[in-house]
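So the chains spell out like this:
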Amino acid sequence: MLLQVSDMSVAYPAKDNVPVTTVKNVDFTLDEGETLAIVGESGSGKTTVIRAVMNCLPGFGFVSEGAIIFMGKDLAKLDNSGWQSLRGKEIAMIFQDSGNMMNPVRTIGSQYIEYIRTHTDLTKQAAHDLAVEKLSLMNLSDPENIMTSYTFELSGGMRQRVGIAMAITFDPKLLLADEPTSALDVTTQAQIVGELMYTGKGSGTAMIVVTHNIGVAATLSDKIMVMQKGQVVEYGSTDNILNAPQAAYTKTLLAAVPEIGGKRYV
């Protein structure tokens, strides 16, 4: 088992010093090469779950209960040095708009090379060559030009491809993706989903994909976890969730998927 999240709750400090719990009693497991999709409406706690796994909760949020075990390590017990060895190499993340995670006044290449050299002993040229190789895998037609570009010069789809390329640079064991297609048009969404599927199945990387799009979840995932108001309302194999949902909220989500020609494509 690659990842085991057991009875995890997340809380945030409040003005009266009494922590407010926003996500309660989350349980799931993930094996190597497996993909879990977390679905639910905005504010349901989806992003909080993966940020807790990555130990990058905003606003002094913290895991108040439970355990997160990754490759046999209790992530709650890691110090800064331990996290530095994991983040980027063993666990990586794709953000909703990857352009926002990069410095807008530096070229893509300068940041990508710095990222690679932070985690390796590669020379600047070797890091450049590795970056170009990964960008090429993302169907970016002119990776050398991408390296000299700034984020504002790229489309949303191109920025997401750069984000995916950076996240998979070291073939991480676990890839976390926070709404990776939500800001894109339908055609580009389909392309990005295809590239994520290739990433997961091609390298054995396990993925957790946060999405409000049931279609994306159905295409990408082996398992689906449905969240509402900070709690898990249903969790199981993708087939079971889509074809035999038990929770009323899951049924509502599925019923909201549009039909085309009398058929619902999930």
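Overview of the structure.

Parameters at a glance
Residues numbered from 1 in each chain as written. Predicted model: local features only at pLDDT ≥ 70, side-chain atom pairs only at ≥ 80, totals over all residues. Heavy atoms only, no water. Helix = DSSP H or I, 4+ residues; strand = E, 2+ residues; numbered from the N terminus. Rg over C-alpha atoms; globule rule 2.2 N^0.38 Å. Buried < 20%, exposed > 50% of the residue type's maximum accessible area, 1.4 Å probe, protein only. Contact = heavy atoms within 4.5 Å. Areas by Shrake-Rupley, 256 points an atom, 1.4 Å probe, with all protein chains shown as cover. Lys, Arg positive; Asp, Glu negative; His and termini not counted. Charge placed at Lys NZ, Arg CZ, Asp CG, Glu CD. Core = buried A, V, L, I, M, F, W, Y, C linked by side-chain atoms within 4.5 Å. Phe/Tyr/Trp six-rings, centres within 6.5 Å; stacked < 30°, edge-to-face > 60°. Lys NZ or Arg CZ within 6 Å of the ring centre and 35° of its normal. Expected span 1.5 Å × (residues − 1). Axes fitted to C-alpha atoms, helices over the stretch in contact; angles between N-to-C directions. Parallel < 35°, antiparallel > 145°, perpendicular 65-115°, else oblique. Left-handed = near helix turned anticlockwise from the far one by under 90°. Nonpolar A, V, L, I, M, F, W, Y, C, P; charged D, E, K, R; others polar.

## Description of the overall build of the protein
Looking only at helices and strands, one finds ten helices and twelve strands in the protein. What you see for the protein is a C-alpha radius of gyration of 19 Å, in line with the 18 Å of a compact globule of 266 residues. Among the 266 residues that make up the protein, the fraction classed as buried is 48%. Sequence separation of 24 or more characterises 67% of the internal contacts of the protein that already satisfy a separation of 6 or more. Per element, the accessible surface of the protein, about 12,700 Å² overall, is 50% carbon and sulfur. Of the side chains in the protein, 21 bear a positive and 28 a negative charge, and the two mean positions are spaced by 3 Å.

## Some remarks on the nonpolar core
Across soluble globular proteins, nonpolar side chains show a tendency to be buried alongside one another. Ranked by internal contacts, the top residues of the largest apolar core, which has 35 residues, are Y112, I116, L135, V162, L175 and L196. Listed in part, the 32 residues of the second largest apolar core include Y12, I50, L86 and L176.

## Some words on the environment of K89
Residue position: K89 is located in the loop between α2 (80-86) and β6 (91-94). Here K89 falls in the partly exposed class, since its relative accessible area comes to 31%. As a C-alpha pair, K89 and A217 span 128 residues in sequence and 25 Å in three-dimensional space. Beyond its immediate stretch of four places on either side in the chain, K89 contacts H119, F170, D171, P172 and K173.

## Quick notes on helix α1 (residues 46-54)
The buried count for α1 comes to seven of nine residues, which makes it a mostly enclosed element. Taken residue by residue, α1 has K46, T48, V49, I50, A52, V53 and M54 as its buried positions. Directly after α1, the chain includes N55, whose backbone phi takes a positive value near 55°.

## A look at the side chain of S44
Residue placement: S44 occurs in the loop between β3 (35-39) and α1. Residue S44 is classed as buried on the basis of its relative accessible area of 1%. Once you skip the residues sitting within four places of it in the chain, S44 turns out to touch M227, Q228, K229, G230 and Q231.

## Comments concerning the packing of aromatic side chains
In this structure the tally under the stated criterion is two aromatic pairs. Seen in terms of ring centroids, Y115 and F170 are 5.8 Å apart; in terms of plane orientation they differ by 55°. Their pairing is tilted. You can see Y115 sitting in helix α3 (residues 108-119) and its partner F170 sitting in the loop between α6 (156-167) and β7 (174-178), a full 55 residues away along the chain. The same class applies to Y115 as to F170, namely buried. Ring geometry for Y150 against F152: centres 5.8 Å apart, planes inclined by 15°, an arrangement best described as stacked. Judged by relative accessible area, Y150 falls into the partly exposed class, the value being 28%. For F152, a relative accessible area of 63% corresponds to the exposed category. Above the plane of the ring of F170 lies K89, whose end atom (NZ or CZ) is 5.8 Å from the centre.

## Digging into α3
Along its twelve residues, α3 runs 17 Å from first to last C-alpha, staying within 8% of the 16 Å computed at 1.5 Å per residue. Of the positions making up α3, those classed as buried are I108, G109, Q111, Y112, I113, Y115, I116 and H119. Buried positions along α3 lie against α2, α4 (124-137), α5 (143-147) and α6.

## What to know about the packing of α3 against α4
Two elements in contact, α3 and α4, have axes separated by 9 Å at closest approach and are oriented at 110°. In terms of orientation, α3 lies roughly perpendicular with respect to α4. Here α3 runs over α4; the crossing is right-handed. For the pair α3 and α4, contact is made by Y112, I113, I116 and R117 and by K124, A127, H128, L130, A131, K134 and L135, respectively. Considered class by class, the residues forming the contact of α3 with α4 number seven nonpolar, one polar and three charged.

## Observations regarding the packing of α3 against α6
Remark: α3 packs on α6, axes separated minimally by 11 Å, with the N-to-C direction vectors making an angle of 15°. Here α3 is positioned roughly parallel relative to α6, judged by the angle of their axes. Here α3 and α6 pass one another in a crossing that is right-handed. Taken together, the residues of α6 that come into contact with α3 (itself represented by I108, Q111, Y112 and Y115) are V162, A165 and M166. Across the contact of α3 with α6, the residue classes tally to six nonpolar, one polar and no charged.

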